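# Structural overview for review
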Amino acid sequence: MVSKKVLKNIGVFAMAVMLAAAPVLAVSANGSQQMQQGRIATEDPGTEDPGTVDPVVSSSSVGQTVKTTVNTATLRKNPIYSAAGDKLVSSIDGAFVAKSVNGVIVATLKADVLAAFGAGENATIVVDVADSNHGPAAERSINDGLAILAANQVEAVKGPVLDINAYLNGQKVTDIATPINIMVGIPESFRQAGYEYAAILVQEGGRVSILTDEASFDTTLISVNTTGFGVFAIVKAPAGSFDSYK
């Protein structure tokens, strides 16, 4: 079930201003808080595809041929478990192969995912998750996000970094119309009493967004709503640190 929509898009050119004062935010048409992107257009892209996992199309595909390197037996085999021990499984097929976290799922109902992608009921949506293989440009953008948080008195610590990519009928999708919910199992080595979690999302062109946890009551996982896909860096900070981003 998708909880309230939270997506804060932040541009890195505002960092210098934010080091001295609170961020100056503009409200976009969909109500999210945004800042303009300040990276030079000729710079390297902010993300790099993992390059190791191609989209997988199940037998229910509408007939498009997509190169496949992942056995379909791997689909939806990486569930997560809540603090209460409930097993949670993705509503969407994909190659969920990340080892640095305790599972990743798409928690939004499949019908709502299709709607978010503007797709019909016979469309094939695949979400692939792997430990990140991002390049130096994306790493700089992650550090930009950490610096912006620090400028707002959020001393965040970076944890696991994932590549989360989505495909509609074999075509890569970087942005969708409405948010879907993604849950990630926090590894025990990154859990810390009195801390909460968020994600820094880096997309093509160096776009940086701060995604806050929608399931702060469960310290074993992070649940974020997102309208974009790319590199997701899980971060943690003392409880209450991300309140201004909610």
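The model shown is predicted, which means the values in this text are computed figures rather than measured ones.

### As for the overall build of the protein
Helix and strand counts for the protein come out as three helices and 14 strands. Here the protein holds 246 residues, and the buried ones make up 52% of them. Residue pairs in contact within the protein that sit at least 24 positions apart in sequence constitute 76% of those at least 6 positions apart.

### Some words on helix H3 (residues 136–151)
The end-to-end C-alpha distance of H3, which contains 16 residues, comes to 22 Å, matching closely the 22 Å that a straight helix rising 1.5 Å per residue would cover. Where H3 is concerned, the buried positions are Ala137, Ala138, Ser141, Ile142, Asp144, Gly145, Leu146, Ile148, Leu149 and Ala151. Residue Gln153 follows H3 closely and has a positive phi angle near 60°.

### Focus on the pattern of salt bridges
Scanning the model with the defined rule gives five salt bridges in all. Between Arg207 and Asp175 there is a salt bridge, and its shortest N-O distance comes to 3.0 Å. Of the two residues, Arg207 is situated in strand E12 (residues 207–212) and Asp175 in strand E10 (residues 175–185); the sequence distance between them amounts to 32 residues. Look at Arg207 and you get partly exposed, because its relative accessible area is 31%. The partly exposed category is assigned to Asp175, whose relative accessible area is 38%. Notably, a salt bridge pairs Asp243 with Lys246, separated by 3.8 Å at the nearest N-O pair. The partly exposed category is assigned to Asp243, whose relative accessible area is 46%. Each of Glu196, Asp243 and Lys246 takes part in one network of salt bridges that share partners.

### Some thoughts on the confidence of the model for the protein
Model confidence for the protein is summarised by a mean pLDDT of 76, while 69% of its residues fall at 70 or above. A low-confidence stretch, residues 1–75 stays under pLDDT 50, and its non-local contacts, those more than four residues away or across chains, total 152 contacts.

### Concerning unusual backbone geometry
Positive phi is not limited to glycine here, since Gln153 has a value of about 60°. Positionally, Gln153 belongs in the loop between H3 and strand E8 (157–168).

### A short note on the packing of aromatic side chains
For the coordinates displayed, the defined rule picks out two aromatic pairs. Residues Phe190 and Tyr197 carry aromatic rings whose centres are separated by 6.1 Å and whose planes lie at 45° to one another, so their mutual orientation is tilted. We classify Tyr197 as buried; its relative accessible area is 3%. Sitting over the face of the ring of Phe190, Lys236 holds its NZ or CZ atom 4.5 Å from the ring centroid.

### So, the side chain of Thr108
Within the secondary structure, Thr108 is located in the loop between strand E6 (104–106) and helix H2 (110–116). In this structure Thr108 comes out as buried when scored by relative accessible area, which is 1%. A distance of 2.6 Å separates a polar atom in the side chain of Thr108 from the backbone nitrogen of Asn181.

Reading the values: rules and limits
Residues numbered from 1 in each chain as written. Predicted model: local features only at pLDDT ≥ 70, side-chain atom pairs only at ≥ 80, totals over all residues. Heavy atoms only, no water. Helix = DSSP H or I, 4+ residues; strand = E, 2+ residues; numbered from the N terminus. Buried < 20%, exposed > 50% of the residue type's maximum accessible area, 1.4 Å probe, protein only. Contact = heavy atoms within 4.5 Å. Expected span 1.5 Å × (residues − 1). Salt bridge = Lys/Arg side-chain N within 4 Å of Asp/Glu carboxyl O. pLDDT = per-residue confidence, 0-100. Phe/Tyr/Trp six-rings, centres within 6.5 Å; stacked < 30°, edge-to-face > 60°. Lys NZ or Arg CZ within 6 Å of the ring centre and 35° of its normal. Polar contact = N/O pair within 3.5 Å; in protein donor to acceptor, adjacent residues only side chain to side chain.

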